[in-house]
Amino acid sequence: MLHRLWLVLVLLAAVPAGAATVQEDFDAAQAHLDALRLPQARAGFAALLDRLGASKSRSAMIVRSRLGETLIAMGDVEEAEPLLETALAGLPASNANAADERAAVLTHLARAAEEHGKLRQALGHWQAILTENLLPPGSLGGLQARLGAARTGQWTQPDVAARLLDGLLAEPASAWGAAKAGISGRLLVLRLKGQLAMRLGRLDEAKRVLDEAGKLAGGTSSLQVNLDDVQLRGDLIVLAWLKQDMASVVRLTAMSGASMLDEGGSRMGGAGDLPPCAPTGSLAPDAMAVIEFSVRDDGRVLNVRPIYASPGSGPPDSHPEEEFTAAVHGWSWPADQAKATNPLWRAAIRVELRCQTVQPDVLGPSLFRDYVAWLAAKGLPRLELSGSDAQRRPQLLAAVDSGPDRAKDPNAIAALPLLVQLVGNQSGGRVERRAFAQRLDALAEFHQAPTLVQLIAQSALAESAGDQAAVHRRLIPLAEQRGEQRLADHLRLLQIENRSGPEAEAELAAIAARHGEADPLRIKALIMLSDRAFARGAEAAAASALASTGLSPQQCALVDVRPQGRNAYLTSNDFPAAAQTWGLSALMRVAHDVTPAGDIANVRVITARPPFAFSEQTVKRMQVWRFKPVLRGTQSVGCVGRVQPIRFRLN
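As the structure is a prediction and not an experimental result, all values here were calculated from the model.

Remarks on the confidence of the model for the protein
Mean pLDDT over the protein works out to 86, with 89% of the residues at or above the 70 mark. Confidence, expressed as mean pLDDT per element, reaches its minimum in the protein at helix H1 (residues 7-14) with 40 and its maximum at helix H7 (residues 119-131) with 97. The low-confidence segment residues 1-20 (pLDDT under 50) makes 34 contacts with residues lying over four places distant or belonging to another chain. Low pLDDT (under 50) marks residues 263-267, which in the prediction has 10 contacts with non-local residues, meaning those over four places away or in another chain.

Digging into the side chain of Gln356
In this fold, Gln356 is placed in the loop between strand S3 (349-354) and helix H16 (363-367). On the accessibility criterion, Gln356 (18% relative accessible area) is buried. Among all residues touching Gln356, those that are not within four sequence positions of it are Leu274, Pro275, Pro276, Cys277, Arg589, Arg604, Ile606 and Val643.

Description of H7
For H7, spanning 13 residues, the distance from its first C-alpha to its last is 18 Å, which sits close to the expected 18 Å at 1.5 Å a residue. Of the surrounding secondary structure, the elements contacted by the buried residues of H7 are helix H6 (99-115), helix H8 (140-153), strand S2 (301-310) and helix H14 (320-329). Just downstream of H7, Asn133 is the residue with a positive phi angle, here 50°.

A closer look at the packing of H7 against H8
Contact pair H7 / H8: the axes reach a minimum separation of 8 Å and the direction vectors enclose 150°. Our classification of the angle between H7 and H8 gives roughly antiparallel. Handedness of the crossing formed by H7 with H8: left-handed. Between H7, through Leu119, Ala122, Leu123, Trp126, Ile129 and Leu130, and H8, the contact on the second element is made entirely by Gly142, Gln144, Ala145, Arg146, Gly148, Ala149, Arg151, Thr152 and Gly153. Class assignment for the residues of the contact of H7 with H8 results in eight nonpolar, five polar and two charged.

Side note on the pattern of salt bridges
A full pass over the atoms with the stated rule returns 37 salt bridges. Of the charged contacts in the structure, one is a salt bridge between Arg120 and Glu322, with a shortest N-O distance of 2.7 Å. Of this pair, Arg120 sits in helix H7 while Glu322 sits in helix H14, placing them 202 residues apart in sequence. Residue class for Arg120 comes out partly exposed when judged on its relative accessible area of 46%. Taking relative accessible area as the criterion, Glu322 reaches 11% and is therefore assigned buried. For the salt bridge of Asp489 with Arg492, the shortest nitrogen-to-oxygen distance reads 3.0 Å. Of the two residues, Asp489 and Arg492 are both situated in helix H24 (residues 485-496); the distance of three residues between them amounts to about one turn of the helix. Given a relative accessible area of 14%, Arg492 falls into the buried group.

Let's talk about helix H13 (residues 246-256)
Those residues of H13 not exposed but buried are Ser248, Val249, Val250, Leu252, Thr253, Met255 and Ser256. Packing partners of the buried residues in H13 comprise helix H12 (227-242) and helix H28 (577-581). The positive-phi residue at the C-terminal boundary of H13 is Gly257, with phi of around 75°.

Thoughts on the packing of helix H20 (residues 416-424) against helix H21 (residues 429-446)
A pair of packed helices is captured by two measures, namely the crossing angle of their axes and the spacing between those axes. One way to put it is that H20 packs onto H21 with a least axis distance of 9 Å and a crossing angle of 145°. Considering the relative orientation of H20 and H21, their crossing is left-handed. Between H20, through Leu416, Leu419, Val420, Leu422 and Val423, and H21, the contact on the second element is made entirely by Arg433, Phe436, Ala437, Arg439, Leu440, Leu443 and Ala444. Here the residues of the contact of H20 with H21 are counted per class, giving 10 nonpolar, no polar and two charged.

Here's the deal with the environment of Leu385
Relative to the helices and strands, Leu385 is located in the loop between helix H17 (369-377) and helix H18 (389-400). For the pair Leu385 and Gln395, spaced 10 residues apart in sequence, the C-alpha to C-alpha distance is 8.4 Å. Those residues in contact with Leu385 that sit more than four places away from it in its chain are Arg392, Gln395 and Leu396.

Observations regarding the side chain of Arg354
Relative to the helices and strands, Arg354 is located in strand S3. There is a polar contact of 2.7 Å between the side chain of Arg354 and the side chain of Glu352. When neighbours within four sequence positions are excluded, Arg354 is seen to be in contact with Trp241, Leu274, Pro285, Ala287, Met288, Phe324, Arg604, Val605 and Ile606.

Topic: the packing of aromatic side chains
Following the criterion strictly, the structure yields 11 aromatic pairs and no others. Summarising the aromatic geometry, the rings of Trp241 and Phe612 are spaced 4.1 Å apart at their centres and angled 10° between planes, so their arrangement reads as stacked. Of this pair, Trp241 sits in helix H12 while Phe612 sits in the loop between strand S5 (600-609) and helix H29 (615-622), and the two are 371 residues apart along the sequence. Taking the centre distance of 5.8 Å and the plane angle of 75° together, the rings of Phe368 and Tyr371 count as edge-to-face. Assessed through its relative accessible area of 25%, Phe368 is described here as partly exposed. One aromatic cluster is present, formed by Trp241, Tyr308 and Phe612 through successive ring pairs. The residue whose ring lies beneath Arg621 is Tyr569, and the NZ or CZ to ring-centre distance is 5.9 Å.

Rules used in this analysis
Residues numbered from 1 in each chain as written. Predicted model: local features only at pLDDT ≥ 70, side-chain atom pairs only at ≥ 80, totals over all residues. Heavy atoms only, no water. pLDDT = per-residue confidence, 0-100. Helix = DSSP H or I, 4+ residues; strand = E, 2+ residues; numbered from the N terminus. Contact = heavy atoms within 4.5 Å. Buried < 20%, exposed > 50% of the residue type's maximum accessible area, 1.4 Å probe, protein only. Expected span 1.5 Å × (residues − 1). Axes fitted to C-alpha atoms, helices over the stretch in contact; angles between N-to-C directions. Parallel < 35°, antiparallel > 145°, perpendicular 65-115°, else oblique. Left-handed = near helix turned anticlockwise from the far one by under 90°. Nonpolar A, V, L, I, M, F, W, Y, C, P; charged D, E, K, R; others polar. Salt bridge = Lys/Arg side-chain N within 4 Å of Asp/Glu carboxyl O. Polar contact = N/O pair within 3.5 Å; in protein donor to acceptor, adjacent residues only side chain to side chain. Phe/Tyr/Trp six-rings, centres within 6.5 Å; stacked < 30°, edge-to-face > 60°. Lys NZ or Arg CZ within 6 Å of the ring centre and 35° of its normal.

Here you go:
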C-alpha cells in the first residue's frame, strides 16, 4: 500500500475550521475502504467531498482519488474516471510531496482504462508512473506499475513489454511480499511472458515459460486447483489450441474446472453484446479474442483482461483486444445465479469471442414511439442510465421507491418508467423481475398507460409460449380500442407466424395495406405473405410480395425471418466424445449465413464458454446444415448474420 501517513497534516492544513472532524470522517471512510466495505466507503468519501465543495486543495484531490478508487472496486469505472482526472490535474508532477498520491491516482486511472478496454490509454498511465519516478523501482507499487506497463504494452510495444517482464523475473521473490505472494507475483510474470510469446507466434518459447510457471505452481495435473492454477491452465489451453492439440485442450479444460460454472445445474449467465463486424465496425469476421473476467455477487463483471487476441484477416491496427474487452465490460449476470455459484469458478471465467454481424433494430424502437410520447405528455422523462444491467440496477432500485409521492402512494405514476426498465433488466433474476412485472401491470392498468407497457409486464409473467400467445390475443383488442394500430398489428403478426391458408394470407395483406411503404410492419407482413404463397405453389404471387419489400439479405435479421431447417439440429451424438469423457459442458453462440439456395455459409463461433473445447466439432457439424430457401418466387433471398445458441450439457 502506498505511503499515506502525511495525509493527516495535509487535511489539517487544508481545512482550518473543524479539521479534526474532517480528518475523522476521512479516517472512517478509509477504514471502510481498507476493510472492503465499499458502499460505506463510497458514502463516506462522497460526503467528505461535498463538505470540501469546489476546493482545489490537495486534500480535496486526495478525497477524489480515494472515492475514485472505491468506485473502481465497485465496478463503476466510468463514474470514477472524471474524479481521478480532476485529482491528477490537482496533483502535478512538479510537486514532489504529492508523488505517492499522484502515483495512486495514475494507478487507479490505469485500472479503470484497462477495465473497459482502453489498453493504450492505460499504458500511458503506467508509463507516467515509471518515467516520472513516482515510486521506487523495487517497491511493491513500482513492481505493479512495471507489471501493468508490460500487461498493457504487450499489444502495441511487445519488445518493451518483454524487457519489462525479464526485469521483473530478475527481481527476488521477496520483492513481492511474503512467500506465497512472491510465488504468485513471479507466476503472474511468467504467465504474461507466455501470453506474449503466444501472441507473437513463438509457441516453443511459450511452452517453456508456461512449463516453468507450472513447476512453480506445483504442477498442472492435479484435479485440486486454486485461482493461480485455474488461470495458468487457461493459458495452457490457448497454447494447446494454437498447436492444434485438441486432446490437450479438452484435458486441460477439465482440469481447470471451467465447466464448474454449471455446478448444481445453476446454468450461470450467458453472453452479452459483441463488437460489430466490418463494415459496421472495424473487426474482420475471423478476428478473435480470449477474454478473462470475474463476476461479483450482484452480477457485475469486473477484472476484464484480454488473454489472447488476433486481428485475423483484418488490419493489424484493428485492436480486437480492446474491442472485445470493452464489450465484456458491458456484460451482466443475473445476481441470483451469481450468488449460487462457487466464487472460485466465477473469479476467472474465460470466453472465446468473435464479432457479430449487427442489424439495426427498427421494429422495436418504432413500437416505443407511442410510449415515449405518453411519458412526455405526463411529464415523465425516461431515466437515461449508462452502463451494464448490473450497473444500472442499484440506481433503478434506489429510484423506484424514492420521493414522497412514491413512498406514500403505491400507484404513483412516477414509478412506471422505472419499473419498465427494471422488468427488462436481466441482472435482477427472474423472481425479482416477476415481482416488478406484477407491479408494473397493475400500475399500467391504473393509469391507462399505452398497451405496450402491459405487453412488457405480462410477457415477463408468462411462463410458456402458450401463455405468451394468450397475452397477445388478450391485448390486441385493447390496443385497437386505444387507437394503437401498429402494436395491434405487431401482435397479429406474432399470432400468424405458425399459421397458413387463405385466412392468414388475407390478414397479412390487410396488415401490409395499413402501413407505409418503409414501415417494418409492412415489410414483415409481405415477407410472411410471400413465404406462404410460395408454399402453396403460387410463385408469381410470392415474387410480387417479395419485390414489394425491397428486402436484401442483410435485412433478414431486421424483420426476424426464421429460415426453416431441413437438418438444422444437434443430437446427443454430436456431443464431442472427448468432452463427454471428461464430463465437460459448454454454452455457445454460433453465427452463420443462409444462402438463397438454403445452404449454410460462414459458420463461426462468436461466443464459447469454455473456449475451444467444443468449437471445432460444432462448426464442422453445422456446416452440413441445410435450410429451405427463406423466400422464393422468381428469385430467392438469403439471410445474413443468424445466431444459433447451443448448450452442451450431460444429464
